[in-house]
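# Observations on chain architecture
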Amino acid sequence: MRRLHAETDAVQLRKHQRSTNTQETKKAPSMPTLHWVGKEKVVNHHHDVPFRLLDKQYSFAANEGTPASSTDNRIIHGDNLEALKSLLPEFEGRVNCIYIDPPYNTGNDIDKKTSWTYNDSVDDPRIRRWLGNTVGKEDLSKHDKWLCMMYPRLKLLHRLLHTHGVFLCSIDDNEVHRLRLVMDEIFGATNFIAQITWDKTRKNDAKLFSSGHEYVLVYAKNLAAIQAAKTVWREEKPGAREIIDEWKRLRLVHGDDFAQIEVRLGGWFKGLGKSHPSKKLSRYRHVDKFGPWRDRDISWPGGGGPRYDVMHPTTRLPCKVPERGWIYADPKEMQRQIDLDLVVFRADHNDPPIRKAHLIPSPAELDTFIAPEAEDAQEEGLDDEDGEELSGTQVMPTYIYKQAQASVKTLRAIFEGKKVFANPKDHEVIARLIRYVTPKNAIVLDSFGGSGSTAHATLAANLDDGGTRRFILCEMMDYAETITAERVRRVMNGYGEGAKAVPGTGGGFDFYTIGPCLFDEDQNLNEEVGEAAIRDYVAYTEGIRPEHRWGTDNPVSRYALGASDTAMWLFRYERGQVTSLDMDFLGSLNLKAHLAAGNTRPEQFIVYADKCALDADFLFKHGITFKRIPRDITKF
Ligand SMILES: C[S@@+](CC[C@H](N)C(=O)[O-])C[C@H]1O[C@@H](n2cnc3c(N)ncnc32)[C@H](O)[C@@H]1O
């Protein structure tokens, strides 16, 4: 029998972790790092955090009639250190975007023992106890404490992030410089992307300077991987959204009759007021299956471009080459553009064809290779000769202006005019950032949930672009239910009355608390948690895909955890008993039922039991890997 060749996700993940760790180790000597009192106690603390199960308390689904949007969201009530650890088996390497808004540490450190406010509005005794137990020193400054609190949480967040994932963290002048050094240490300085300045207010009563801004730090898990995937981040320009909405409306009425849609869209542009932001984009009046487009020059911007034959599809003669030569250095790229329907030929070959530029560039357009010199020349002037925009999308600047007051008003409107939370973040700004850096099916995580702005932002982002992003929020305080979850319920169902009514986004979430530990202090299984929870955990740690997992009622064996095309997993566990991998057990497996259902015979069997009665040769010959309970159960 052959050995297993295909690697499970878990194996690949562990290899990836090993290589990431090696890279970290290699980088370490040359990188300046920050030191603080208590650091040595927290750098590896995330390994010691006990693994706890999440306890589902209830599920919420928005009222009927709201859009069928984002479901499978989570709100977790508890300390994020434990919550993040509990998320590892299911979400390690899967989170596309982390946005956090941790305490800014603005509290005054007058009496070190009592008044340090680790969280600008909450001085939670649990965190003080945690610091006492973990760091155990009395002489910590407020900055030491803040760093001790953040470090292990950032370590876990880093592990949860997808290779192409993006980490965003709000912060202000109090800790930004320390946070950047710690982020450089954990994420790697080469993964720094941007430090966005978010301007919120002007204070005229300031004595020296008016500092009304804060920051959003942006880091990649692996910037090189993002660049290798040729990722281009763009957002819509003002006015673009209205054109897209009109195009969608016309498409519903006229289907694929693009000529009719062009006529109607032209009329719509004419009817706009002079100052309407869409007016600047009115050359996007042509349409095809990708949406509105405008024509664009197909010649090499600076002149001296390549000259080769491009055949006209009707006359079958070479088209006139533009004076400046073609924009595509390689004729193969020109042919690819023609095949993608991004080149429009004129009536005959006597005029060069034109290039389509879509308002929202299609993936193929973003992937277009234009020689760097030509690209530079194009970028120099953002507007073309008529002063019109060359694209309906733009790169985001690292400066955002949005007054803090807007988010305060939104939260009050959701809670019938009451002020329930100080300094909520603006969900529209977060939605803009989420849309900018994530795919439409992203998992978004916020481990400092507060009033639930990130959940609101995720729902708003989905509403805006039809996405199915999911969110996971953690909140330690008891208002996780009364404010965090309550806001999300209201946003999903709709809130406000009369002219101020805001329709529901739809969706649903599960509310969890942090449950018991899976292992006791001696690393034995805590059997109180029940067989189902242990089976789930082992299935996760083995990297068995959800679609390959089985319940105990499967036809092979009540001990089978699942099977892929190549492997089958068995977990021979009985509470309070010693189980064995032996011939009787193998004989009890109903493999015939598995094969009869059209499956191939697995090449490898991974069998968990308390002991093994079979010798190594037999195991090798039959492709069996024995794993001892609990020793070989992966610990996160
Ligand atoms: C600055 S607020 C976040 C506000 C949020 N972005 C909003 O817009 O409402 C920080 C939140 O993190 C919570 N928090 C602080 N430490 C925590 C921890 N260890 N685990 C979970 N939540 C925590 C605080 O209770 C507080 O609600």
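The model shown is predicted, which means the values in this text are computed figures rather than measured ones.

### A word on the pattern of salt bridges
This model, assessed by the stated rule, comprises 35 salt bridges. Residue aspartate 510 pairs with lysine 56 through a salt bridge whose shortest N-O separation is 3.9 Å. With a gap of 454 residues between them, aspartate 510 in strand β18 (residues 508–517) and lysine 56 in strand β1 (residues 52–61) connect regions that are remote in the sequence. By relative accessible area, which is 47% here, lysine 56 ends up partly exposed. Note that aspartate 79 is salt-bridged to arginine 153, the shortest N-O span being 2.9 Å. With a gap of 74 residues between them, aspartate 79 in the loop between β2 (73–77) and α4 (80–91) and arginine 153 in helix α6 (residues 142–160) connect regions that are remote in the sequence. Here aspartate 79 and arginine 153 have matching classes, each one buried. Where salt bridges share partners, they join Glu416, Lys418, Glu481, Glu486, Arg489 and Arg490 into one cluster.

### Re the packing of helix α5 (residues 125–134) against α6
Two elements in contact, α5 and α6, have axes whose closest approach is 11 Å; the angle formed by their N-to-C orientations is 90°. Considered as vectors, α5 and α6 are oriented roughly perpendicular to each other. Along its contact with α5, which presents Ile127, Trp130 and Leu131, the element α6 presents Lys145, Cys148, Met149, Pro152 and Arg153. Counted by class, the contact of α5 with α6 contains six nonpolar, no polar and two charged residues.

### Quick notes on the packing of aromatic side chains
Under the criterion given, the structure shown has 17 aromatic pairs. On the numbers, 5.6 Å between centres and 85° between planes, the contact of phenylalanine 421 with tyrosine 479 is edge-to-face. Here phenylalanine 421, found in the loop between α14 (405–414) and α15 (427–437), pairs with tyrosine 479, found in helix α17 (residues 479–493); they are 58 residues apart in sequence, far enough to count as distant. Tyrosine 479 carries the same exposure label as phenylalanine 421, and that label is buried. With 5.8 Å between their ring centres and 65° between their planes, tyrosine 559 and phenylalanine 585 make a pair best called edge-to-face. Taken together, the residues span a long stretch of sequence, with tyrosine 559 in the loop between α18 (531–541) and β19 (560–563) and phenylalanine 585 in helix α19 (residues 583–588) at a distance of 26 residues. Accessibility expressed as a relative area gives 2% for phenylalanine 585, which makes it buried. Members of the aromatic cluster, connected to one another through ring pairs, are Tyr58, Phe60, Phe509 and Phe511. Arginine 153 extends its terminal NZ or CZ atom over the ring of tryptophan 130, reaching a point 4.7 Å from the ring centre. The ring of phenylalanine 519 carries the charged tip of lysine 635 above its face, separated from the ring centre by 4.7 Å.

### Here we look at the confidence of the model for the chain
Overall, the predicted model of the chain reaches an average pLDDT of 88, with 88% of residues at or above 70. Taken as a whole, residues 108–119 scores under 50 in pLDDT and shows 30 contacts with residues more than four places along the chain or in a different chain. Contacts for the low-pLDDT stretch residues 379–388, under 50 throughout, to residues beyond four places or in other chains number 13 contacts.

### Things to note about the nonpolar core
Core analysis: the biggest nonpolar cluster contains 95 residues, and Leu154 and Phe167 have the highest contact counts within it. Looking at this core element by element, the count peaks at ten residues for α6. Two domains share this core, each providing at least three of its residues, namely domain 1 (54–109 + 151–233 + 399–516) and domain 3 (543–635). Counting residues in each nonpolar core, the second largest holds 25 residues, with Ala220, Met396, Ile400 and Ala461 among its members.

### Remarks on α6
Taking 1.5 Å per residue, 19 residues should reach 27 Å; α6 reaches 28 Å between its end C-alpha atoms and fits that length. α6 sits mainly inside the fold: 18 of its 19 residues count as buried.

### Digging into the packing of helix α16 (residues 453–465) against α17
Contact geometry for α16 and α17: axes closest at 9 Å, N-to-C directions at 20°. Relative to α17, α16 is oriented roughly parallel. Along this stretch, α16 crosses α17, giving a crossing that reads as right-handed. Here α16 contributes Ser453, Ala455, His456 and Leu459 to the contact with α17, which in turn contributes Arg487, Val488, Val491 and Met492. Across the contact of α16 with α17, the residue classes tally to five nonpolar, two polar and one charged.

### Digging into the sheet that holds β19
If you trace the four strands from one edge of the open sheet to the other, you get β19-β20-β22-β24, paired in mixed fashion. Only two strands of the sheet have a single partner each, and these edge strands are β19 and β24 (624–628). The sheet shows a mean angle of 15° between the axes of neighbouring strands, taken without regard to direction. Of the pairings in the sheet, the one linking strand β22 (residues 604–609) to β24 comprises five bridges and is parallel in character. Across the sheet, phenylalanine 605 pairs through a bridge with isoleucine 624, a residue of β24. α18 contacts β19, β20 (567–571) and β22 of the sheet and is inclined by roughly 30° relative to β19.

### Observations concerning the pairing of strand β14 (residues 443–446)
The side chains of a regular strand alternate, residue by residue, between the two faces of the sheet. Side-chain alternation along β14 places Ile443 and Leu445 on one buried face and Val444 and Asp446 on a second face that is also buried. Judged from the two bridges that link them, strand β3 (residues 95–100) and β14 form a sheet pairing that is parallel. The partner of isoleucine 98 across the bridge, within β14, is leucine 445. Taken together, the four bridges between β14 and strand β15 (residues 470–475) define a ladder with parallel strand orientation. Bridge pairing in β15 links isoleucine 443 to arginine 470. The β-α-β motif built from β14, the intervening α16 and the parallel element β15 has right-handed crossover chirality.

### Description of the sheet that holds strand β6 (residues 213–220)
Spatially, β1-β18-β2-β15-β14-β3-β4-β6-β5-β13 is the arrangement adopted by the ten strands of the open sheet, whose pairing is mixed. Pairing within the sheet leaves two strands with one partner each, and these edge strands are β1 and β13 (399–401). Pairwise comparison of adjacent strand axes, ignoring direction, gives a mean angle of 20° for this sheet. Inspection of the sheet shows strand β4 (residues 161–171) paired to β6 by six bridges, in the antiparallel sense. Directly across from valine 166, in β6, lies its bridge partner alanine 220. Relative to β6, helix α7 (residues 176–187) is tilted by about 5°, and along the sheet it contacts β4, β5 (192–199) and β6.

How each quantity is defined
Residues numbered from 1 in each chain as written. Predicted model: local features only at pLDDT ≥ 70, side-chain atom pairs only at ≥ 80, totals over all residues. Heavy atoms only, no water. Salt bridge = Lys/Arg side-chain N within 4 Å of Asp/Glu carboxyl O. Helix = DSSP H or I, 4+ residues; strand = E, 2+ residues; numbered from the N terminus. Buried < 20%, exposed > 50% of the residue type's maximum accessible area, 1.4 Å probe, protein only. Axes fitted to C-alpha atoms, helices over the stretch in contact; angles between N-to-C directions. Parallel < 35°, antiparallel > 145°, perpendicular 65-115°, else oblique. Contact = heavy atoms within 4.5 Å. Nonpolar A, V, L, I, M, F, W, Y, C, P; charged D, E, K, R; others polar. Phe/Tyr/Trp six-rings, centres within 6.5 Å; stacked < 30°, edge-to-face > 60°. Lys NZ or Arg CZ within 6 Å of the ring centre and 35° of its normal. pLDDT = per-residue confidence, 0-100. Core = buried A, V, L, I, M, F, W, Y, C linked by side-chain atoms within 4.5 Å. Domains from an automatic or database assignment. Expected span 1.5 Å × (residues − 1). Left-handed = near helix turned anticlockwise from the far one by under 90°. Pairing = 2+ DSSP bridges. Right-handed = clockwise from strand over helix to strand, strands pointing away.

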